[in-house]
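# Analysis of the macromolecular model
Listed below are the residues making up each chain.
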2 protein chains.
Amino acid sequence: MTLAEVARRAGVSAATVSRVLSGSPAVKPSMRERVLTVVRQVNYLPNVHAQALAGGRSRTLGMIVSNIENPFFLGVFMALEEHATQQEYEVLVEHTGYRRERLVASIRSMLKRRVEGLAVIVSEMDRGLIEELAAQDVPVVFYDVGRPARNITSIRVRYDRGTQRTAEYLYSLGHRRFGFVGHHAGLGPLEERKRTFTEVMERFGKGVRFATASGMDSPAGGRHAAGDLLSGTLRPTAILCANDHMAVGVLRELHDRGLRVPDDVSVAGFDNIGLAEHLCPSLTTVRIPQRMIGQLAFEALMFGDAAKPRDIVIEPELIVRESSGPAPGTNRRRRID
Amino acid sequence: MTLAEVARRAGVSAATVSRVLSGSPAVKPSMRERVLTVVRQVNYLPNVHAQALAGGRSRTLGMIVSNIENPFFLGVFMALEEHATQQEYEVLVEHTGYRRERLVASIRSMLKRRVEGLAVIVSEMDRGLIEELAAQDVPVVFYDVGRPARNITSIRVRYDRGTQRTAEYLYSLGHRRFGFVGHHAGLGPLEERKRTFTEVMERFGKGVRFATASGMDSPAGGRHAAGDLLSGTLRPTAILCANDHMAVGVLRELHDRGLRVPDDVSVAGFDNIGLAEHLCPSLTTVRIPQRMIGQLAFEALMFGDAAKPRDIVIEPELIVRESSGPAPGTNRRRRID
DNA sequence: GCGCTGGCTGAAAGCGCTTTCAGGATCATC
DNA sequence: GATGATCCTGAAAGCGCTTTCAGCCAGCGC
């Protein structure tokens, strides 16, 4: 069923049908009724491709994330989508699995679909790609692309602060041997989290020892990384994870090895995914406001001024739950509760 | 940048550019090179809307799920998408939150986008909607829509068998007081799971008592439902959950109440989401092969014959893990393991 | 040398819509 | 009753592509 056919059946012109459907006020109520009756009767659904082509706007936003199985990304997506829906926009998601070639493919795909805005929430973005994308005349917002580039709008989280607070909190509980469970190596922002960890550790000075390990962004990846960490000579009493998604596996690996959390080992995650508070033990973590990021991304895309890009910075917040406690052998009074 | 502009710069006709881009063999290599050079040079990306309109095919599949936050649905989506990508198809997802009006809106949206196939993996589908959708001339595949309709292709899981096996397994471990944690009421297939549970229980006869509770499809929902169950007069020693996603919260609620799993209470989920084996304790559950469902859905959409719809039936399989064990007070030998 | 076939290419129609533009009604105003 | 002004409507152009169709040019057999 096409618009022309609807027009024919209603005995009006295509232009009128189009106007009725787009809610134009310049059409007499009687006409409107006549058209709508036919539309309902034949269950007409306009072809979005024709609409996009003729109208020059797709009413679509795009979002690219690294790992859609990680609830953090899903949280951002849901928030973005919710706002978009209210404005009668749809949002397309693609996920890259942290692979650059898939990111490139996703970007191309979004551009071919003529999205009116693109949120790039990935860790595998590099300078070159950023420049290239920014050169397109589509509003783009980036998340977590390391230090801010001059002419793009980006949302950044102060991972350094989050890591630092977590580390200091654990230090204050008496921990001196730390482990870090990070992502597969090589990706900018993820490497940065590890670097931050290292810096914080080194700032603690001689009394502190630490080690790092990494795996895929999944519970299984966290489990393996934790295994590596625990098989080493350093026996960490506190493990920081690059994200909650991996922390799930870390908890599991500790459990498998008969180590109690938090009595023997404290664990802290990052992101505060919904699951974090439902785990046993519930997860101490750093809150990254997913809904807020989704909303900010949406607003940047829809109402942002490409001419003056924004650099949005988000401060993370430590949330202490059950998975962290005093270092073993320490005075067992809980410092925070 | 448009195809016409590329054609102009390459000194060829639009038809030739189109042929080159679609990989038509009917174009001389020298021409092809000339065109491709320009395409790369100007970084030309065809407009999918124009392609879809002119070509009459969108190279897009649609998938509607009830709850994208539930990893089960995500698993099916990932599999479907993987197969689609291999055939140069894209897949659009929408999620409904189990709300009928959102389902209707999603279907309309997919139809407007002229998807070439639609997988409807939701629980809130009713007879009327099924008929209506089946009447469209788009390949459609349904999942979990209760008893098979005559003229649609659907993928069904024998929930009854899964529930029965789980119940029998727990019964054999000495459990006599059962609880069921289900979804929010009213939705066909979900009600059915509860009904199945009830039937199985009644078949056990007088010695067995049981109760049911329900909540949202989320860990929090499971937690609340478990709370209801445990606050009742029946003190179940075994809890069956409608899905793993909710079971996570059930485990947590038990933990909160100082009940050990499986020593005091056994818990069984449904779906076998990836998380299930990484939880502490790992979750006894019924395996529903998400990847297979995604693949079957894909094949049904792409290669299925609308004229002869298929009724695909999947047998679930019980996976015993740590969350289940002998009823308290029973001989402590583990029956399985 | 002529007619034919086959391989390439371009002109043009059209996919289903939006939007401008012009014109016919309708109405108030003088 | 003429004159605009206002309101509605339809014709038509065009969005960026695909695809048919016709035509051109080689190369071939006779």
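Analysis parameters
- Residues numbered from 1 in each chain as written.
- Chains lettered and ligands numbered in written order.
- Predicted model: local features only at pLDDT ≥ 70, side-chain atom pairs only at ≥ 80, totals over all residues.
- Heavy atoms only, no water.
- Helix = DSSP H or I, 4+ residues; strand = E, 2+ residues; numbered from the N terminus.
- Expected span 1.5 Å × (residues − 1).
- Buried < 20%, exposed > 50% of the residue type's maximum accessible area, 1.4 Å probe, protein only.
- Arc of directions from axis to C-beta.
- Core = buried A, V, L, I, M, F, W, Y, C linked by side-chain atoms within 4.5 Å.
- Contact = heavy atoms within 4.5 Å.
- Near = heavy atom within 4 Å.
- Polar contact = N/O pair within 3.5 Å; in protein donor to acceptor, adjacent residues only side chain to side chain.
- Nonpolar A, V, L, I, M, F, W, Y, C, P; charged D, E, K, R; others polar.
- Domains from an automatic or database assignment.
- Pairing = 2+ DSSP bridges.
- Right-handed = clockwise from strand over helix to strand, strands pointing away.

So, on to helix H8 (residues 159–172) of chain A. All names here are of chain A. In this model H8 runs 20 Å from its N-terminal to its C-terminal C-alpha over 14 residues, within 8% of the 20 Å that 1.5 Å per residue would give. Residues Tyr159, Gly162, Thr163, Thr166, Ala167, Tyr169 and Leu170 constitute the buried set of H8. Buried residues of H8 fall within an arc of 160° about the axis and therefore sit on the same side. Directly after H8, the chain includes Gly174, whose backbone phi takes a positive value near 100°.

This part is about the nonpolar core. With 112 residues, the main nonpolar core has Met63 of chain A together with Met63 of chain B as its most contacted residues. When sequence neighbours within four positions are dropped, the list of residues in contact with Met63 of chain B reads Val76, Phe77, Leu80, Val91, Leu92, Val93, Glu94, Met110, Leu118, Ala119 and Ile121 of chain B. If you look at the next biggest cluster of nonpolar residues, it comprises 40 residues, including Val115, Val138 and Val140 of chain A together with Val140 of chain B.

The next subject is the protein's contact with DNA strand D. What surrounds DNA strand D is a group of 23 residues, the closest being Thr16 and Met31 of chain A together with Leu3, Ser18 and Tyr44 of chain B. For DNA strand D, the backbone portion of the atoms within 4 Å of the protein, that is sugar and phosphate, comes to 62%. A distance of 2.2 Å separates a phosphate oxygen of DNA strand D from a polar atom in the side chain of Tyr44 of chain B. Counting only elements with at least two residues in the surface near DNA strand D, the list comes to helix H2 (14–21) and helix H4 (48–55) of chain A together with helix H2 (14–21) and helix H4 (48–55) of chain B. Across the surface near DNA strand D, the residue classes tally to 13 nonpolar, seven polar and three charged.

When cut into domains, chain A gives domain 1 (3–46), domain 2 (60–157 + 290–316) and domain 3 (159–287). For domain 1 of chain A and domain 3 of chain A, the distance between their C-alpha centroids amounts to 61 Å.

Here we take up the protein's contact with DNA strand C. Lining the immediate surroundings of DNA strand C are 23 residues, of which Leu3, Ser18 and Tyr44 of chain A together with Thr16 and Met31 of chain B lie closest. Sugar and phosphate atoms represent 65% of those atoms of DNA strand C found within 4 Å of the protein. A distance of 2.3 Å is found between a phosphate oxygen of DNA strand C and a side-chain nitrogen or oxygen belonging to Tyr44 of chain A. For DNA strand C, a base oxygen lies 3.3 Å from a polar atom in the backbone of Ala54 of chain B. Breaking the surface near DNA strand C down by element, the ones donating at least two residues are H2 and H4 of chain A together with H2 and H4 of chain B. Partitioning the surface near DNA strand C into residue classes produces 13 nonpolar, seven polar and three charged.

We now examine the side chain of His49 of chain A. Within the secondary structure, His49 of chain A sits in helix H4. The exposure class assigned to His49 of chain A is buried, which follows from its relative accessible area of 8%.

All names here are of chain A. Every second residue of strand E4 (residues 140–143) is oriented toward a common face, with Val140 and Phe142 on one face and Val141 and Tyr143 on the other, all of them buried. The pairing of strand E3 (residues 118–121) with E4 spans three bridges and is classified as parallel. Its bridge partner lying in E4, Val120 is registered against Phe142. Note on the crossover from E3 through helix H7 (residues 127–135) to E4: the handedness is right-handed. Inspection of the sheet shows E4 paired to strand E5 (residues 153–157) by three bridges, in the parallel sense. Among the inter-strand pairings, Phe142 is bridged to a residue of E5, identified as Ser154.

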